[in-house]
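Given next are the chains, with one letter for each unit.
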Amino acid sequence: DFFLSILRANPSLRDTRSYLASFGPRPQPNPPAVPPDTSLPAPSPTAQVLPQTIPALEHPKPSRILASILNPVIRRTALVKVQGPFTDVQLDSITRGLVYLEKLGLFSVIVVENDELYRGEQDDRSSIIEETMRVVTSLEKHGSRARPVVGAIVRLGPKLTDDESSPAIPPPESHAISSDLIPIRSALRAGEIPVIAPFALDSFCRSIRIDANDVIAGLASSMVEAATEDQSKRGDECDDASEDVDLTPLRLMIINREGGVPSYARNGYPHLLINLDSEYSHIHDTFHPPWHHSNPTALSNLSLARTCLAYMPPTSSAIMVSHRSPSSLIANLITNKPAVSSSLPHALLQGDRKLTPNTPTLLRRGLPIQVVRNFADIDRAKLNMLLEYSFRRTLDQNAFYDRLEKTLDYVIIAGDYAGAAIVTKEECPGLDAPITYLDKFAVLPSHQGDGTVDFLWVALHDESYGLGLPFSANPNGGKGGKGKGQDLVWRSRADNPVNKWYFERSTGHFRMGSWVLFWCDAEKHLEIAKGRRGSSGLSHIEDWEDGRLAKWADVVFKIPGTWKK
């Protein structure tokens, strides 16, 4: 079951390299070569010729990649919220997944919560300790070693040195100092999973029960700070890295009975991928009242993820997952991607990709998304660097910007030019409106695989072929979903390895020599045509489709190149 869980993750080559970079063995310097001793000893008169011995057979050594996965050298940590109540069977499924993560090098720091044990009730302290011991027992049942931590591990109140440079994200309601983390360090060094009860010290040094979210947020900031101090003490000495555990949390995992955050764009099914930087407020604004009953902790967990990811490394992610999908934890660890790409058309979310209420939600700190329509507002230096780094070619700047100034429709920019989609208007004889042409779609190599590609394509969808639909009203600085959708057209070299990604997201394509023409039909237009056809099941060409490919090709394939030869 462990190996099947890894295979189901279906990691790409980039995913595998990223995983090995975090958990694989560190490269060791080659020992200096010792020159062979070429001097011959003086012959002895009593020397005898010894019979040749047969060397013993050696067992073949396992693959270095396989060995590094099964016996990782670098051990990392994840903050895990086990949000019950769970039955014994459900808890068994959860802890089995956490034990699998331990085998892959990710040690869980678990904080236990039970939504039916209300704070302040009689015996709530002993009840939450009992719940903590249930988790410990279940982990040990699967062969892991666990250590209950029932003393207060954090202190109430934000840390005085917390950075308040981002007022939009309030500091955690708890904090820990280095000595408070001793039980966690001790457990991890002993190869044990710490299972923490949600207690904190108040101003009178009393141990009181608090919300598990406050414990986790305090641990996130404190563990990152402690790991930074550890690194500064070690300096460049990495020899003992395999004997210690890096306290920096790589993942935040919220395991509950609700699953992910419901999305208004997916009829209440969970969001697949959330860009917290640009979508957080919008999710609050579009959260339907019935979901406060079906998913009562979705928004509080969303807030927890935003707080924790603000302290964790930029490559970190959070996942909100139902107890029914424990294998998603392994997939998230290895690929750091959502279960299904958020930029795929809804029609492709069938079969293995079909959305269910148990589909997990992946959350990232993300990047702000903005739409620029004025040519003068483009930062040419940053755009030049993005395009040349992404395509690994030299841009013919004069020709490119002279054409862009005349034809620009808009540029969608992710972050500080970490990614961009450049869309132009190309006049086309015989058509009522210009062609909406995707001239460039680029993401910096350092941001490929971190969700930026999907964030950018979703924004492109909302501004072009998805325009006019209710779920295209996203806060990206564009039209807010208001307007008439336009067919989106672009071209790509036939040997471009990205074409597989384009095939899945386009409505259609056709090849012409060394080029492939892709297009996405305006979805509002498709809905009207589908309603008019009814259930006839006949496949025919609409009047607005007749002859358009030839007209598109005649214009698109004549667009001059933008690269220096």
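Up top is the structure.
Residues numbered from 1 in each chain as written. Predicted model: local features only at pLDDT ≥ 70, side-chain atom pairs only at ≥ 80, totals over all residues. Heavy atoms only, no water.

J.: In this structure, what is going on with the environment of Gly-547? I would like to understand it.
T.: Along the chain, Gly-547 turns up in the loop between α16 (523–533) and α17 (548–556). Gly-547 gets classed as partly exposed once you look at its relative accessible area, which sits at 35%. Between the alpha carbons of Gly-547 and Gly-430 there is a distance of 9.5 Å; along the sequence they are 117 residues apart. (Helix = DSSP H or I, 4+ residues; strand = E, 2+ residues; numbered from the N terminus. Buried < 20%, exposed > 50% of the residue type's maximum accessible area, 1.4 Å probe, protein only.)

J.: Just checking my understanding: could you explain the pattern of salt bridges for this structure?
T.: Think of it this way: side chains of opposite charge can pair up when their charged atoms draw near. Counted under the stated rule, the structure contains 24 salt bridges. A salt bridge links Glu-504 to Arg-505, with the nearest nitrogen and oxygen atoms 3.3 Å apart. On the basis of relative accessibility, which here comes to 4%, the residue Arg-505 falls in the buried class. In this structure, Lys-558 engages Asp-554 in a salt bridge whose closest nitrogen and oxygen atoms are separated by 3.2 Å. Each member of the salt-bridge network shares a partner with another, and the members are Arg-373, Asp-409, Lys-425 and Glu-463. (Salt bridge = Lys/Arg side-chain N within 4 Å of Asp/Glu carboxyl O.)

J.: Help me understand empty space enclosed by the protein in this model?
T.: Take a probe with the size of a water molecule and roll it over the atoms, and the empty space left behind shows itself. As enumerated under the stated definition, the model contains 3 cavities of 30 Å³ or more in all. In this structure, the largest cavity encloses a volume near 560 Å³. Arg-266, Ser-342, Val-458, Asp-462 and Asn-474 are the residues nearest the centre of the largest cavity, which is lined by 31 residues in total. Counting residues per element, the ones that place at least two in the lining of the largest cavity are β10 (273–275), α8 (276–285) and α14 (452–463). (1 Å grid on protein atoms, 1.4 Å probe; cavity = no way out; pocket = protein on both sides within 12 Å on 5 of 7 lines; lining within 4 Å. Points joined across faces, edges and corners; volume = space filled by probe spheres on them.)

J.: So what exactly am I meant to see when it comes to the sheet that holds strand β15 (residues 419–426) here?
T.: Strand pairing in a sheet is mediated by backbone hydrogen bonds. Such pairs are either parallel or antiparallel. As summarised here, the arrangement of the 7 strands in space is β13-β14-β15-β16-β17-β19-β18, forming an open sheet in which the pairing is mixed. Both edges of this open sheet fall to β13 (369–372) and β18 (508–512), since each of them pairs with a single strand only. Mean inter-strand twist for the sheet, computed between neighbouring axes without regard to direction, equals 25°. Judged from the 6 bridges that link them, strand β17 (residues 488–493) and strand β19 (residues 515–520) form a sheet pairing that is antiparallel. Residue pairing for β19: Arg-491 is matched across the bridge by Leu-517. Packing against the sheet, α17 makes contact with β15, β16 (435–443), β17, β18 and β19, and its axis sits at approximately 125° to β19. (Pairing = 2+ DSSP bridges. Axes fitted to C-alpha atoms, helices over the stretch in contact; angles between N-to-C directions. Contact = heavy atoms within 4.5 Å.)

Just distances and angles here, no functional claims.
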